[in-house]
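Working through the structure, step by step
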Amino acid sequence: MKLISLDSLEPGKSLGRPIYNEKGTLLLGSGVAVSARYIRRLKEMGYTSVYIHEKGYEDIEVKDVISDRTRLEAVSTISETFESVRQSGAGEDKRVALDKQRVTGIADKIVDDLTSSGDQIMDLIDLKSFDNYTFLHSVNVSVLTVMTAAHSGKFTGIELRDLAMGALLFDIGKAHIPLEVVQKKGRLSAEEFRIMKKHTQIGFEILQHKSNVKPLVASVALQHQEYFNGAGYPNGLVGEQIHVFSRLTSLADVYDSLTSDRCYKRRLPPHVGLDYLQLGSGTHFDPACIKEFVKSVARFPAASTVVLNTGETGVVVQNHSDNLDRPLVRILTTPDGKPVDKPFELDLAKERELSIQDIRV
């Protein structure tokens, strides 16, 4: 499998991973041959790259950490949950049509998928479009948060389930923020930011007082914009005053936002997103949580094209879970850009003088 830019994709190539819309409905399945019309439509929807099957890349596997079925159900559930909350209105006398049992069931499935196969790492680049960002983002934040917590070994199964649920619903308050603010391209004005900041308190009210979820689950919606140094909102909490569920969710939220395409910006490569988080250690983010988070996410995901410090170009074949900076790379071109006569592999965990300088899509 190979990750390729839509600008470089030739009609006739077959998809290596399925593509879903914002409701979790399958648009194009794995193995579908893309036509020029499909490519054009994917660009219109806001996709910039896809995974394809490619000769010479057959042995490179790109696996999601949760099953396609779980992800499909999760996106559909969150999409419908947001819509139910949006339609319920924001009045204090109204109960929210939130199917707590359904969301709990999805949280259980996410935890089961992540804990049934031992230690896992996020080893793919999640390809969101502008259209489906909101709901895929919520699911990704839950997956990344639970995976980090599971790696730490500090949480029970019930705690992981509560964390998964809190992270799935962390942004539910945005269902009562005007769409023109939520979907605005570019920087918010001071007044728009004041309105946006209300989503944390609104989300907390929806979850605890109108939906009767556990206070700990609801607190993730309230606290996920708090900063470790006290500069966040809504209450300026500092350090461990912020619950660890919210500290973990905050990391996943920022990382997934940075590494996703939006209508107003191109995504950052995973290694740059991780570097950004580490720059915020001790200010925005809890250093202990970052230490666990970086153990869960591949800096250079499998099937990515990378450039070494020698100038050679290759594709990431496999990541080492205990050394995510230094994967196994298959060299494809010479330093001057010419294809090598016979591709060969270099294990950067052993070739210590070599390093990855850049990632290309």
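Look a little higher up for the structure.
Below: a short report on this structure. (Residues numbered from 1 in each chain as written. Predicted model: local features only at pLDDT ≥ 70, side-chain atom pairs only at ≥ 80, totals over all residues. Heavy atoms only, no water.)

The full count for this structure, using the stated rule, is 4 aromatic pairs. Between Phe 82 and Phe 135, the ring centres sit 5.6 Å apart and the planes meet at 70°, which makes this aromatic pair edge-to-face. With Phe 82 in helix H2 (residues 68-88) and Phe 135 in helix H4 (residues 133-152), this residue pair connects regions lying 53 residues apart in the sequence. Note on Phe 82: relative accessible area 3%, which makes it buried. By relative accessible area, which is 12% here, Phe 135 ends up buried. Ring geometry for Phe 155 and Phe 245: centres 6.0 Å apart, planes at 50°, overall tilted. Pair noted here: Phe 155 is in the loop between H4 and helix H5 (157-168) and Phe 245 is in helix H10 (residues 244-258), with a separation of 90 residues, a long-range link. Owing to a relative accessible area of 21%, Phe 155 belongs among the partly exposed residues under this scheme. You can call Phe 245 buried: its relative accessible area is 2%. Its guanidinium or amino end placed over the ring of Tyr 233, Lys 197 lies 5.2 Å from that ring's centre, counting from NZ or CZ. (Phe/Tyr/Trp six-rings, centres within 6.5 Å; stacked < 30°, edge-to-face > 60°. Helix = DSSP H or I, 4+ residues; strand = E, 2+ residues; numbered from the N terminus. Buried < 20%, exposed > 50% of the residue type's maximum accessible area, 1.4 Å probe, protein only. Lys NZ or Arg CZ within 6 Å of the ring centre and 35° of its normal.)

Okay, the nonpolar core next. If you look at the biggest cluster of nonpolar residues, it comprises 82 residues, and the most contacted ones within it are Val 50, Tyr 51, Leu 168, Leu 207 and Phe 293. A total of 9 residues in this core trace back to one element, the largest contributor, which is H4. Not counting residues up to four positions away in its chain, the partners in contact with Val 50 are Lys 2, Leu 3, Ile 4, Leu 6, Leu 9, Leu 15, Ile 19, Leu 42 and Leu 127. Phe 300, Leu 308, Val 316 and Leu 346 belong to the second-largest nonpolar core, a separate cluster that totals 12 residues. (Core = buried A, V, L, I, M, F, W, Y, C linked by side-chain atoms within 4.5 Å. Contact = heavy atoms within 4.5 Å.)

Ordered in space as S9-S8-S7-S6-S10, the 5 strands form an open sheet in which the pairing is antiparallel. Single-partner strands in this sheet number two, and they are strand S9 (339-347) and strand S10 (356-360). Within the sheet, the average angular offset between the axes of one strand and its neighbour, ignoring direction, is 40°. Pairing of strand S6 (residues 305-308) with S10 involves 4 bridges; the strand directions are antiparallel. Residue Leu 308 lies in a different strand from S10, and its bridge partner there is Ile 356. (Pairing = 2+ DSSP bridges. Axes fitted to C-alpha atoms, helices over the stretch in contact; angles between N-to-C directions.)

This next bit is on the environment of Thr 283. Topologically, Thr 283 is positioned in the loop between helix H11 (270-279) and helix H12 (287-293). Given a relative accessible area of 35%, Thr 283 falls into the partly exposed group. In contact with Thr 283, not counting residues within four places along its chain, are Tyr 227, Phe 228 and Asn 229.

In this section: unusual backbone geometry. The phi torsion of most residues other than glycine is negative, and most of the peptide bonds are trans. In this structure, Pro 234 follows Tyr 233 across a cis peptide bond, with omega equal to 15°. Inspection of the secondary structure assignment puts Pro 234 in the loop between helix H9 (215-223) and H10. Here the phi dihedral of Asn 212 falls at roughly 60°; this positive angle occurs in a residue that is not glycine. Positionally, Asn 212 belongs in the loop between helix H8 (199-209) and H9.

This paragraph deals with the pattern of salt bridges. This model, assessed by the stated rule, comprises 23 salt bridges. The closest approach of N and O atoms between Asp 64 and Arg 71, which form a salt bridge, is 2.6 Å. In terms of burial, Asp 64 and Arg 71 fall into one category: buried. A salt bridge links Glu 73 to Lys 109, with the nearest nitrogen and oxygen atoms 2.5 Å apart. (Salt bridge = Lys/Arg side-chain N within 4 Å of Asp/Glu carboxyl O.)

Moving on: the environment of Ser 257. Mapped onto the fold, Ser 257 is located in helix H10. Here Ser 257 falls in the buried class, since its relative accessible area comes to 19%.

Burial of S6 is two-sided: the residues Thr 305 and Val 307 facing one way and the residues Val 306 and Leu 308 facing the other way are all buried. Here S6 pairs with strand S7 (residues 313-320) via 3 bridges, running antiparallel. Bridging from a neighbouring strand, Thr 305 pairs with Val 315 of S7. Between S6 and S7, which pair antiparallel and follow one another directly, the connecting turn spans 4 residues, one of which, Gly 311, has a positive phi of 95°.

This part takes up the environment of Leu 328. Its place among the elements puts Leu 328 in strand S8 (residues 323-333). Under the relative-accessibility criterion, Leu 328 is labelled buried at 15%. Separated by 12 residues in the primary sequence, Leu 328 and Val 316 have C-alpha atoms spaced 6.0 Å apart. Sequence-distant contacts of Leu 328, that is, excluding residues within four places in its chain, are made with Val 315, Val 316, Val 317, Gln 318, His 320, Glu 345, Leu 346 and Asp 347.

Picture the strands of a sheet paired through backbone hydrogen bonds; they go either parallel or antiparallel. The strand order across the open sheet formed by 3 strands is S1-S5-S2, and the pairing between neighbours is antiparallel. Edge positions in the sheet fall to strand S1 (2-5) and strand S2 (14-15), since each has one partner strand and no second. Note: S2 against strand S5 (residues 49-53), 2 bridges, orientation antiparallel. Each bridged residue has a counterpart across the sheet, and for Leu 15 the counterpart in S5 is Ile 52.

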